Amino acid sequence: MALSVPLYIPSPPINGFHLGSLYIHFYGLMYVIAITLAVIIARRRWRAVGGDPALITDVATWSVPAGIIGGRIYFDVTTPFDITPHTWWGPLAVWEGGLGVWGGIAAGAAVGIWRVHRAGADWRLMGNAVAPALLVAQAIGRVGNYFNQELFGKPTGLPWGLEISRAARLNSGIPAADLKYTTFQPSFLYELIFDLAFAAFLVWLGHHRNIKPPGLLALYVAGYSAYRIFEETIRIDSSAHFLGLRLNFFIALVMTVIGLSWFAFSQRRRKPDRKSVV
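Here the structure is a predicted model, which means the values were calculated and not measured.

Engineer: In this structure, what is going on with the nonpolar core? I would like to understand it.
Structural biologist: Side chains that are nonpolar tend, in soluble globular proteins, to be buried together. Among the nonpolar cores identified, the biggest contains 37 residues, and W46, I56, M126, L202 and Y220 are the most heavily contacted of them. Every element with two or more residues in this core is listed here: α1 (26–48), α2 (53–78), α3 (101–118), α4 (123–147), α6 (187–208) and α7 (215–234). If you tally residues by element for this core, the top one is α4, at ten residues. In this view, L202 contacts A131, P132, L135, L216, L219 and Y220; residues no more than four positions away in its chain are not counted. Counting twelve residues, the second-largest nonpolar core is a separate cluster that includes L151, L162, A168 and F184.

Engineer: Sorry, what's going on with the pattern of salt bridges here?
Structural biologist: In a structure, side chains of opposite charge can pair up when their charged atoms sit close to one another. Taken as a whole and assessed by the stated rule, the structure comprises eleven salt bridges. For R72, the salt bridge identified is with D76, shortest N-O distance 3.3 Å. One end of the pair, R72, and the other, D76, are both in helix α2, four residues apart, so they sit about a helical turn from each other. By the burial criterion, R72 is buried, and D76 matches it. One network of salt bridges, in which partners are shared, links R228, E231, E232, R235, D237 and R246.

Engineer: Explanation requested: the pairing of strand β2 (residues 22–25) in the structure shown.
Structural biologist: Every other side chain in a regular strand lies on the same face of the sheet, so the side chains alternate between the two faces. Note that strand β1 (residues 16–19) and β2 share four bridges and pair antiparallel. Bridging across to β2, L19 finds its partner in L22.

Engineer: Could you clarify how one ought to interpret the layout of surface pockets in this entry?
Structural biologist: With a probe scaled to a water molecule rolled over the atoms, the places where space remains empty come into view. Within this model, the largest pocket holds a volume of roughly 1,200 Å³. Taken together, 46 residues line the largest pocket, and the ones lying closest to its centre are G104, I105, G108, A109 and L134. Elements that contribute at least two residues to the lining of the largest pocket include exactly α1, α2, α3, α4, α7 and α8 (247–266). Along the lines of polarity and charge, the residues of the lining of the largest pocket split into 33 nonpolar, eleven polar and two charged.

Engineer: Whenever I open this one, the packing of α4 against α6 confuses me. Can you help?
Structural biologist: Where α4 contacts α6, the two axes come as close as 8 Å, and the packing angle between them is 165°. By the criterion of interaxial angle, the relationship of α4 to α6 is roughly antiparallel. Between α4 and α6 lies a crossing whose hand is left-handed. Across the interface between the two elements, A131, P132, L135, V136, Q138, A139, R142, V143, N145 and Y146 from α4 touch F188, E191, L192, D195, L196, F198, A199, L202 and V203 from α6. Of the residues contributing to the contact of α4 with α6, the split by class is 14 nonpolar, two polar and three charged.

Engineer: Teacher, can you tell me more about unusual backbone geometry here?
Structural biologist: For residues besides glycine, phi is generally negative; the peptide bonds are generally trans as well. Here P213 and P214 are connected by a cis peptide whose omega angle stands at 0°. By the element assignment, P214 lies in the loop between α6 and α7. Positioned with a positive phi, Q149 is a non-glycine residue whose angle comes to about 50°. Looking at the secondary structure, you find Q149 in the loop between α4 and β3 (162–163). Judged by relative accessible area, Q149 falls into the buried class, the value being 14%.

Calculation notes
Residues numbered from 1 in each chain as written. Predicted model: local features only at pLDDT ≥ 70, side-chain atom pairs only at ≥ 80, totals over all residues. Heavy atoms only, no water. Core = buried A, V, L, I, M, F, W, Y, C linked by side-chain atoms within 4.5 Å. Buried < 20%, exposed > 50% of the residue type's maximum accessible area, 1.4 Å probe, protein only. Helix = DSSP H or I, 4+ residues; strand = E, 2+ residues; numbered from the N terminus. Contact = heavy atoms within 4.5 Å. Salt bridge = Lys/Arg side-chain N within 4 Å of Asp/Glu carboxyl O. Pairing = 2+ DSSP bridges. 1 Å grid on protein atoms, 1.4 Å probe; cavity = no way out; pocket = protein on both sides within 12 Å on 5 of 7 lines; lining within 4 Å. Points joined across faces, edges and corners; volume = space filled by probe spheres on them. Nonpolar A, V, L, I, M, F, W, Y, C, P; charged D, E, K, R; others polar. Axes fitted to C-alpha atoms, helices over the stretch in contact; angles between N-to-C directions. Parallel < 35°, antiparallel > 145°, perpendicular 65-115°, else oblique. Left-handed = near helix turned anticlockwise from the far one by under 90°.

So this is what it looks like as C-alpha cells:
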C-alpha cells in the first residue's frame, strides 16, 4: 500500500552548531559566506574595468560593518517590539536575526562611496561592478533566515510550503488566527531565487547594453525594491504598519520610484567617463 507523504519544506532541526565551546549560528555563518562571495565577485568585476581589486577589499572593510550597524539601527527603530532577547544588550543581538535591509544598504553605500571618493576612483563605475554582487550576497543571507525560521509568508498548502515550528510561530508575532497552521509561504526562498535571477540579468545587461554608470546600481535599487513590494503583501510576521499596510511596503514603493528615476537620469548623461561594461 502506498504511503501518503506530505509535501512541504521541513523546518530546520537546529540553528547552529558547536565549535568547541563556541556556538556558531547558521544565520551569522551565512552572512560571512555572503560577504566573502560578494567581495570575490566585485573584485573580479572591478578588475575587468581597470580598477584595483584591493580597493574593493578596502571598501568592504568599512562598508560591511557600517551596513550591519545601519541595518540593526533600522530594525531597532522600526520594530522595537521585535527586539530579542529582552535585555539591555538585546538591541545589539544581530545573531538572533533582525537586520533591516534598507538601513544596511543606506549606511553601507554611504560609507562605501566615501572610501571610493577618498581613493580617487569613480564610485559610479564601482556601483555598476558591485550591484550583482550585492544581490548574490542578499540571496545567501536569506538562507540564514531559513535556519532562524523567519521571513515567512501567509499559510499555504502548496508542496513547497515551509514548516514553521510552534515555538517559532509564537515568537514571530503572526496573527493569532494563523497560529493553527504549520506550513507557510517561504518568502525568504522566493527572494533568494529572485536575487540570483536578477543578479544574472544585471550581468547580462551590462555585457549586452551600454549602461552608463551607475545605471546597474540604480536598477538594483529599483528592481529589488519592486520585488519587495510583492513580498510585503504576503509576509505576515511582525512588522510596523502604516495605513493598514506594512511599513516596508511603502519604503519599497518609494525606493522603486527613486531607483527608476535615478536610472533614467543616469542614462541621460552624454557618455561614461570610463569603460562601463561589467
